[in-house]
Amino acid sequence: MTTPIRIGALISGTGSNLDAIMAACESGGINGRVVFAGADNPSAAGLKKAENRGIPTFVVDYSGIIRSYKADPDPARLPADFNEADIRTRQHLAGDSDRLRTFLQTRAIAEAALLEQMAACPFDLLVLAGFMRNLTPYFIDRVNTEENRPRIMNIHPALLPAFAGTDGYGDTFRYGCRIGGCTVHFIDYGEDSGPIIGQRCFAIKEGDTLETVKKKGLALEWELYPECIRLFAENRLQTVKMTWTLPDGKVTQRNVVRIVD
Ligand code: GRF
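All values reported here derive from a predicted model rather than from experimental measurement. (Residues numbered from 1 in each chain as written. Predicted model: local features only at pLDDT ≥ 70, side-chain atom pairs only at ≥ 80, totals over all residues. Heavy atoms only, no water.)

Asker: When you look at helix α7 (residues 168-175) in this model, what are you seeing that I'm missing?
Answerer: Residues three or four positions apart in an α-helix share a direction because the helix packs 3.6 residues into each turn. Within α7, burial applies to G168, Y169, G170 and T172. Contacts made by the buried residues of α7 are with β5 (152-156), β6 (179-186), β7 (196-203) and α8 (210-233). (Buried < 20%, exposed > 50% of the residue type's maximum accessible area, 1.4 Å probe, protein only. Helix = DSSP H or I, 4+ residues; strand = E, 2+ residues; numbered from the N terminus. Contact = heavy atoms within 4.5 Å.)

Next comes the structure, spelled out in structure tokens:
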């Protein structure tokens, strides 16, 4: 039996995935325990779900931080270890130069506050469970400190790489897809672009609405996320860099996850 893992969670809303993860830890489905739940806004209902189980919670008010920095963009407010030029070379998010600057600066302030809160509760795995903020390399590199050992997971409401972004089920439904699904992946420097760990799919039939699509998808999320975390806890996820030669002769590389026995 391996040592139980310590799981940190970040949420923005209802926290039904967090609930499923906490329940799986309690029932022994995951060999681990949730050590904190943090949110980017004080009204995230999922915080209460964690508190009810005696799990420490915290809030880093992203909206307040962004508003206040835009009103007074004093560089002295940036974290002392923030190096914008360096972060720019690594991040893969789009945006024109000025908007990107504001984005990277405000997120660094918020992410430094997250890291400070998280420092009180050491963790092995960080799960994003409906956390509706893109993380920048400032944060990612301070959590992923070992090469080829990513430890930030996310759940996305679509079959990636289709429909990245904030409304996966809505985009799937409006596109007229016959199949929808959800994906658990490790975070990298892009938006919903990191190595895929697991996926589940469901049929979209005549008569389905956006509401029924979301319902079907969420029910699968609650199974898939604990299952992927269980694999992490069993040390069965290996990230490897694959090199492929495409039909036109170009060579491409991608990190992929291998599930080992
Ligand atoms: C889920 O659909 C998840 O895939 C997406 O946001 C939703 C969060 O739901 N990222 P909940 O807060 O876990 O109930």
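From this point on, the discussion continues.
Asker: Would you mind going over the sheet that holds β7 with me for this structure?
Answerer: In a beta sheet, neighbouring strands are held together by backbone hydrogen bonds and run either parallel or antiparallel to one another. Across the sheet, which stays open at both edges, the seven strands sit in the order β3-β2-β1-β4-β5-β6-β7 with mixed pairing between neighbours. In this open sheet, the two strands that pair with only one neighbour each are β3 (57-59) and β7. Going across the sheet, the axis of each strand differs from the next one's by a mean of 20°, ignoring polarity. Relative to strand β2 (residues 32-39), strand β1 (residues 5-11) runs parallel, the two sharing seven bridges. Bridge pairing links A9 to A37 in β2. Set on the sheet, helix α5 (residues 97-118) makes contact with β1, β2, β3 and β4 (125-128); between it and β3 the angle comes to about 160°. Where α8 meets the sheet, it contacts β1, β4, β5, β6 and β7, and its direction lies at approximately 155° from that of β7. (Pairing = 2+ DSSP bridges. Axes fitted to C-alpha atoms, helices over the stretch in contact; angles between N-to-C directions.)

Asker: How should I be thinking about the side chain of Q91 in this particular structure?
Answerer: Checked against the element boundaries, Q91 lands in the loop between α4 (84-90) and α5. Among all residues touching Q91, those that are not within four sequence positions of it are L100, L104, P137 and Y189.

Asker: Honestly, the pairing of strand β8 (residues 237-245) in this entry has me stumped. Any pointers?
Answerer: Looking down a regular strand, the side chains alternate between one sheet face and the other. Note that β8 and strand β9 (residues 251-259) share nine bridges and pair antiparallel. In the strand pairing of β9, T245 is matched with V251. From the end of β8 to the start of β9, which pair antiparallel, there are five residues, and G249 there has a positive phi angle of about 95°.

Asker: In this structure, what is going on with the pattern of salt bridges? I would like to understand it.
Answerer: Side chains that differ in charge, positive against negative, can pair when their charged atoms come close. Enumeration according to the criterion identifies 20 salt bridges in this entry. We note a salt bridge from D19 to R53, for which the minimum N-O separation is 2.7 Å. Here the residue D19 occupies a position in helix α1 (residues 16-27), and R53 occupies one in the loop between α2 (46-52) and β3, the gap between them amounting to 34 residues. What makes D19 partly exposed here is its relative accessible area of 28%. Here R230 ties to E234 by a salt bridge, and the two come within 3.3 Å at their closest N and O atoms. Of the residues examined, R230 reaches a relative accessible area of 27% and is grouped as partly exposed. The network of salt bridges with common partners includes R230, E234, R236 and D261. (Salt bridge = Lys/Arg side-chain N within 4 Å of Asp/Glu carboxyl O.)

Asker: I keep staring at α8 and nothing clicks. Help me out?
Answerer: With 24 residues, α8 extends 34 Å from end C-alpha to end C-alpha; this agrees with the ideal 34 Å at 1.5 Å per step. The sharpest bend along α8 reaches about 25° and sits at E221. (Expected span 1.5 Å × (residues − 1). Bend = angle between axes of the 7 residues up to and from the residue.)

Asker: Looking at this model, I keep getting lost on the state of the cysteines. Mind explaining?
Answerer: Covalent bonding between the sulfur atoms of two cysteines defines a disulfide. All chains considered together, the criterion is met by zero disulfides. Cysteine C25 remains unbridged, with the sulfur of C228 as its closest cysteine sulfur at 14 Å. Residue classification places C25 among the buried positions, given a relative accessible area of 14%. We note that C201 lacks a disulfide partner, and the nearest cysteine sulfur, in C182, lies 8.9 Å from it. (Disulfide = S-S within 2.5 Å.)

Asker: Looking at this model, I keep getting lost on the site of the ligand. Mind explaining?
Answerer: Close to the ligand lie T14, G15, S16, N17, G130, I155, H156, P157, Y169, L218 and E221, which account for all nearby residues. At a separation of 2.9 Å, an oxygen atom of the ligand approaches a polar backbone atom of N17. With respect to the ligand, the side chain of E221 contributes an N or O atom lying 2.9 Å from an oxygen atom. Isolated, the ligand exposes 370 Å² of accessible area, and the fraction of that covered by the protein chains is 84%. When the residues that make up the shell around the ligand are grouped by side-chain class, the tally is four nonpolar, six polar and one charged. (Near = heavy atom within 4 Å. Polar contact = N/O pair within 3.5 Å; in protein donor to acceptor, adjacent residues only side chain to side chain. Areas by Shrake-Rupley, 256 points an atom, 1.4 Å probe, with all protein chains shown as cover. Nonpolar A, V, L, I, M, F, W, Y, C, P; charged D, E, K, R; others polar.)

Asker: Help me understand the packing of α7 against α8, please; the structure alone is not making it clear to me.
Answerer: Between two packed helices, both the angle of their axes relative to each other and the distance between the axes serve to describe the pair. Across the interface, α7 lies against α8 with an axial gap of 10 Å and an inter-helix angle of 130°. Our classification of the angle between α7 and α8 gives oblique. In terms of crossing hand, the pair formed by α7 and α8 is right-handed. Across from Y169, G170, F173 and R174 in α7, the residues of α8 making contact are L210, V213, K214, G217, L218 and E221. Taken together, the residues of the contact of α7 with α8 sort by class into five nonpolar, two polar and three charged. (Parallel < 35°, antiparallel > 145°, perpendicular 65-115°, else oblique. Left-handed = near helix turned anticlockwise from the far one by under 90°.)

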